[in-house]
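These are the residues of each chain, in order.
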Amino acid sequence: MNTKNRRADPGIESDPFGERIAAQPGKAMSLLGGRFRFESNNRELLALIDAAYAGLPNQLFSSMAKTFRVKLMLTPATVKFSGRGAARRREPPPAAMLQGAGFLGSATPSSTFVMLNPKERTGLVCVSEEMLGFPYHLRYEVIEFAVFTLACRAQGLVPLHAACVGIDGRGLLLMGPSGAGKSTVALQCLVEGFDFLSEDSAFVAPASMRATGTANFLHVRADSLRWLGRSRARSIITRSPVIQRRSGIEKFEVDLRHKTFHLAKAPLKLAGLAFLSPHAAGKRPLVRRLSAAETLDRLKREQAYGASLPQWRAFSRNLLRLEAVEILRGSHPSTSAEALRTLLRQGPIKARRPLV
């Protein structure tokens with residue numbers, strides 16, 4: 001909304017926050033266990049919601065899912081100053097009043113911020129015109145942050161930096177340090193027909209041990225393509241747009257809402273946890289079972305944020321009833337995928353022979 005035009009409107013005095021201004025048609029999505037309603041005053045922001053979440057399977061824990069409301073507002077613009085006039089300016093741009101999702105506030109034209117109220121299950125996302133010019137960062141760092149945080153806090157979910165794949169409704173969490181090959185193994189699982197739930201952010205309901213996520217994109221480095229040969233998946237990946245992380249690393253951003261890939265149609269019931277190791281197996285067994293003490297120690301080191309939340313205690317207690325293994329790096333990512341497939345299909349393995 002243009003502040004200059006609003007100042008010329010006598011209605012500004014009776015509606016300073018723009019509460020009676022018609023909004024764009026909203027979007028309704030079932031995400032991360034909840035029913036989200038997105039509203040905005042800007043079509044481009046609603047288009048980013050579609051880019052992020054449209055076409056994903058409904059991820060609801062039950063038919064009695066909680067409802068969420070997120071308002072995305074383009075921060076009102078002001079007259080832009082440039083050239084010598086801008087250099088002589090002695091005061092910042094004025095703040096404009098705004099509202100949304102039960103919040104009232106004000107922001108300058110350069111402001112991009114997020115306000116969340118988990119108790120009321122509402123969120124307000126304000127976006128500057130400048131930030132609108134960076135759609136990848138806006139979606140990945142702002143919108144997804146708001147949705148993830150709101151869903152996690154309001155539903156008591158445990159947030160994990162982990163991939164999650166499954167077969168027939170049963171899932172495995174994939175964790176490991178940077179360089180362990182989580183994305184490469186996740187890609188291999190995707191190519192081999194596993195149900196894909198999440199690339200690097202999984203959310204677990206601690207009582208039921210069901211995991212949810214958003215299987216919208218997979219980010220693939222070019223050097224991971226060497227494992228795919230001349231496959232259809234490789235062709236899809238190489239035609240995908242390339243994004244650059246803030247670290248400077250470039251990756252293909254692959255939209256997984258493609259008929260070639262299998263996405264988890266509902267939250268997955270966790271069957272276990274696999275820590276991927278950057279170390280080569282060599283002549284050692286590819287898979288090693290972990291003790292409860294070692295599992296807890298690794299979890300706390302790799303999931304510091306999740307471990308700080310009150311729901312962590314119930315989650316860790318229930319997780320110890322499942323299988324936890326370490327998978328060393330094999331000669332090909334398919335060896336890791338086969339180990340995961342065996343774990344998922346055989347169920348509990350404590351009384352079985354070594355997996356690989």
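These figures come from a predicted structure and were not determined experimentally.

Visitor: An account of the packing of aromatic side chains is needed here, citing residue identities and associated values.
Guide: One pass over the structure, following the stated rule, counts six aromatic pairs. A ring pair is formed by tyrosine 136 and tyrosine 140, whose centres lie 5.5 Å apart and whose planes are at 15°; its orientation type is stacked. Highlighted residues: tyrosine 136 and tyrosine 140, both in helix α5 (residues 135-155), separated by four residues, approximately one helical turn. Both rings, one in tryptophan 312 and one in phenylalanine 315, keep their centres 5.2 Å apart while their planes meet at 55°; by these two values the pair is tilted. Of the two residues, tryptophan 312 and phenylalanine 315 both sit in helix α10 (residues 312-319), three residues apart, roughly one turn of that helix. Assessed through its relative accessible area of 6%, tryptophan 312 is described here as buried. Classification of phenylalanine 315 as buried rests on a relative accessible area of 0%. Positioned over the ring face of phenylalanine 217 is arginine 257, at 5.1 Å from the centre of the ring.

Visitor: Explain unusual backbone geometry to me, and be specific about the residues and the numbers.
Guide: In the Ramachandran plot, leucine 32 falls in the positive-phi region, its phi being about 50° despite a non-glycine side chain. On the accessibility criterion, leucine 32 (0% relative accessible area) is buried. Although it is not a glycine, arginine 121 sits at a positive phi angle of roughly 60°. The partly exposed category is assigned to arginine 121, whose relative accessible area is 26%.

Visitor: Give a description of the layout of surface pockets that names residues and reports values.
Guide: Space inside the largest pocket adds up to approximately 840 Å³. Forming the walls of the largest pocket are 37 residues, and the residues nearest its centre are Gly179, Ala180, Gly181, Lys182 and Ser183. Looking at the lining of the largest pocket, the elements that each hand over two or more residues are α6 (182-191), β14 (217-220), β17 (268-280), β19 (323-329) and α11 (333-346). Among the elements that take part in the lining of the largest pocket, α6 stands out by supplying four residues, more than any other. Across the lining of the largest pocket, the residue classes tally to eleven nonpolar, 16 polar and ten charged. Of the volumes computed, that of the second largest pocket is approximately 520 Å³. Every residue lining the second largest pocket is counted, 25 residues in all, and those nearest its centre are Glu144, Phe148, Asp200, Ser201 and Phe203. Elements represented by at least two residues in the lining of the second largest pocket include exactly α5, β8 (158-160), β14 and α9 (304-307). With eight residues, α5 is the largest single contributor of residues to the lining of the second largest pocket. Taken together, the residues of the lining of the second largest pocket break down into ten nonpolar, nine polar and six charged.

Visitor: Can you break down the sheet that holds strand β15 (residues 242-244) residue by residue, with the values?
Guide: With respect to topology, three strands assemble into an open sheet ordered β14-β16-β15, the strand pairing being antiparallel. Because the sheet does not close on itself, it has two edges, and the strands there are β14 and β15. Within this sheet the neighbouring strands show an average axis-to-axis angle of 40°, counted without direction. Pairing of β14 with strand β16 (residues 250-255), which is carried by four bridges, proceeds in the antiparallel orientation. Paired with phenylalanine 217 across the strands is aspartate 255, a residue of β16.

Scoring rules and cut-offs
Residues numbered from 1 in each chain as written. Predicted model: local features only at pLDDT ≥ 70, side-chain atom pairs only at ≥ 80, totals over all residues. Heavy atoms only, no water. Phe/Tyr/Trp six-rings, centres within 6.5 Å; stacked < 30°, edge-to-face > 60°. Helix = DSSP H or I, 4+ residues; strand = E, 2+ residues; numbered from the N terminus. Buried < 20%, exposed > 50% of the residue type's maximum accessible area, 1.4 Å probe, protein only. Lys NZ or Arg CZ within 6 Å of the ring centre and 35° of its normal. 1 Å grid on protein atoms, 1.4 Å probe; cavity = no way out; pocket = protein on both sides within 12 Å on 5 of 7 lines; lining within 4 Å. Points joined across faces, edges and corners; volume = space filled by probe spheres on them. Nonpolar A, V, L, I, M, F, W, Y, C, P; charged D, E, K, R; others polar. Pairing = 2+ DSSP bridges. Axes fitted to C-alpha atoms, helices over the stretch in contact; angles between N-to-C directions.

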